[in-house]
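Per-entry structural report
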Amino acid sequence: MADEAKAKGNAAFSAGDFNAAIKHFTDAINLSPTNHVLYSNRSAAYASLHQYDAALSDAKKTVDLKPDWSKGYSRLGAAHLGLHQYQDAVSAYKKGLEIDPNNEALKSGLADAQSAASRARAAPPPNPFGDAFQGPEMWAKLTADPATRVYLQQPDFVKAMQEIQRNPSTLNEYLKDQRVMQALGVLLNVKFKAHGGDDMDIPEADSPPPPTSSEPAKEDVKKPEPVPEPEPMELTEEEKEKKEKKDQALKEKDAGNAAYKKKDFETAIQHYTKAMELDDEDISYITNRAAVYLEMGKYEDCIKDCDKAVERGRELRSDFKMIARALTRKGTALAKMAKCSKDYDPAIEAFQKALTEHRNPDTLKKLNDAEKAKKELEQQEYFDPKLADEEREKGNEYFKQQKYPEAVKHYTESLRRNPNDPKAYSNRAACYTKLGALPEGLKDAEKCIELDPTFSKGYTRKGAIQFFMKEYDKALETYQQGLKHDPNNQELLDGVRRCVEQINKASRGDLSPEELKERQAKAMQDPEIQNILSDPVMRQVLIDFQENPKAAQEHMKNPMVMNKIQKLVTAGIVQMQ
């Protein structure tokens, strides 16, 4: 039980959750109060939170329980150093070196303590980056951030950060190292945007080591006061082996990423597979391999990996974005495999599930594309001109029997079978007209004309609907357009005659007060009439017709003005005497 609590504490410490680490170590101490390693680890956790008094207490307990263990003196020295008790820190580190003269951590701590003691008499000049690199919280922040946590496994990066911590003025020497810049962003709470796509979890290549400055170091530069770094937790053999495997898995992943970028997919798969074998607690290895299979066109293998990633991710309670990525990748593979409209259903379902995990714009676009492709395939699969003609004929029979709703049903089915048949639109427009559904009928008539501009029936349907809607000028224009294609069509000629009669009736002032009021009210809802009446030029023209007959005669010579006046007359807005 104590080992289990200790393992949880180590994991929390590695993740930067020091409060949780302290809780777990305390649980372990309650179960095993004489275990010196537990006090040592809790001392490091307290030091990471700057709780140096508690760290000192645990460090003293560690030394009491195990006086011949050098790590205890390292903890003791770090706690004294954090409390600015420099001479006590020096003594603690020296005692540790008496036990283990070659211990690098003790040597480094002693050097820091002695340096701090020598500078204690004079305050160092302020440094703009001094606070950012001070103390164990620097390592805590770098450990807690996912991006910089990986860099802590790289010795050259750790060495560079230690050098900057000792002397922040050396930061300029490392500005070309992107890892250092990213670490600086984490320490200063500045967000740096990562490069690369969203699909592959591929980190940027490590920057080359920075060049050594050619200028000699200035001797008079005063170093900031050092503070203790949290040392690694004491790990069991099993924990050490597990950590080594995780480190090796990350190296395999990096190698797989590099191969993927070079389009060497077979090599990438080998590396990702090896990473999966070494560490089964990181589903990014599975999703990356799925991405490779997707690129290779091995869609079934991709889907299997995605399902495995989702299942394992749920068990591990992985980041919901990782789950969403696996589902999106699965949906992409399913969409590429689709051969008929029904094949898109599982792809659409996968995209929808991904969006419930994480609403990503790329996933949303893929969902919309899949739904659009499904609809287009459904139309293609349903297309059958022969069956469309049969349905249209059934509609004609119902129309003759004045069973207009039934006729509409068959015309609609005809259009589903063949959406490019102008006759079906024309016939359904006639049904809508009989049923009084004039807006629907007008829409069908316009679609009929769009599909076949030479089909005169489309113009007669549209003109009749506009006439019933008492839009006589628009109906007249429709009939006249139809006559351009069929000059001798009697229905179109009759439509023109009826429209002219209604327009002349308004011009003569033969409308009853009720008809005039109705026509004016309808006209005021027409955007075209509204634009004419709001036109300053036309308003002046109307004033001239009332007050300046000579100017009105000049306006009459302008065809555009006369056309607008005629529209107002037809609408009942203006009456000519």
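Anything mentioned here points back to the structure above.
These numbers were taken from a predicted model, which means no experiment stands behind them. (Residues numbered from 1 in each chain as written. Predicted model: local features only at pLDDT ≥ 70, side-chain atom pairs only at ≥ 80, totals over all residues. Heavy atoms only, no water.)

**Quick notes on the packing of helix H10 (residues 155–166) against helix H11 (residues 178–187)**
Our working definition: Every angle, taken between N-to-C directions, lies between 0 and 180 degrees, and every axis is a line fitted to C-alpha atoms, over only the stretch in contact when it is a helix. Segments assigned H or I by DSSP are reported as helices when at least four residues long, segments assigned E as strands when at least two residues long, and all are numbered from the N terminus. Each angle gets one of four labels, with under 35 degrees taken as roughly parallel, over 145 as roughly antiparallel, 65 to 115 as roughly perpendicular, and the rest as oblique. In this scheme the crossing of two helices becomes right-handed for a clockwise turn of the near helix relative to the far one and left-handed for an anticlockwise turn of less than a right angle. Two residues qualify as a contact provided that any one of their heavy atoms is within 4.5 Å of a heavy atom in the partner residue. Three residue categories are used. Nonpolar comprises Ala, Val, Leu, Ile, Met, Phe, Trp, Tyr, Cys and Pro, charged comprises Asp, Glu, Lys and Arg, and polar comprises the others, including Gly.
Where H10 contacts H11, the axes come no closer than 11 Å and their chain directions differ by 55°. Viewed along their axes, H10 and H11 adopt a mutual orientation that is oblique. Helix-helix and strand crossings are classified by hand; for H10 and H11 the assignment is right-handed. Residue-level contacts link Asp156, Phe157, Met161 and Ile164 of H10 to Arg179, Val180, Ala183 and Leu187 of H11. Of the residues contributing to the contact of H10 with H11, the split by class is six nonpolar, no polar and two charged.

**Examining the packing of helix H21 (residues 422–435) against helix H23 (residues 456–468)**
Their axes nearest at 9 Å, the elements H21 and H23 cross at an angle of 20°. It follows from the interaxial angle that H21 and H23 lie roughly parallel. You can see that H21 and H23 cross each other, and the crossing is left-handed. Residues Ser426, Asn427, Ala429, Ala430 and Thr433 of H21 form the contact with H23, whose own contacting residues are Lys457, Arg461, Ile465 and Phe468. Class assignment for the residues of the contact of H21 with H23 results in four nonpolar, three polar and two charged.

**A look at the pattern of salt bridges**
Counted only if it meets this: For this document, the term salt bridge refers to a Lys or Arg side-chain nitrogen within 4 Å of an Asp or Glu carboxyl oxygen. Burial status follows relative accessibility: with a 1.4 Å probe on protein chains alone, a residue under 20% of its type maximum counts as buried, one over 50% as exposed, and anything between as partly exposed.
As enumerated under the stated definition, the model contains 32 salt bridges in all. Of the charged contacts in the structure, one is a salt bridge between Glu315 and Arg312, with a shortest N-O distance of 2.8 Å. With Glu315 and Arg312 both in helix H15 (residues 299–316), this residue pair falls three residues apart, about one helical turn. The salt bridge partner of Glu391 is Lys394, with a shortest N-O separation of 3.8 Å. Here the residue Glu391 and the residue Lys394 both occupy positions in helix H19 (residues 385–400), the gap between them amounting to three residues, near one helical turn. You can call Glu391 buried: its relative accessible area is 16%. For Lys394, a relative accessible area of 41% gives the class partly exposed. Here the residues in one salt-bridge network are Lys242, Lys246, Asp279 and Glu281, joined through shared partners.

Honestly, it's all geometry; don't read function into it.
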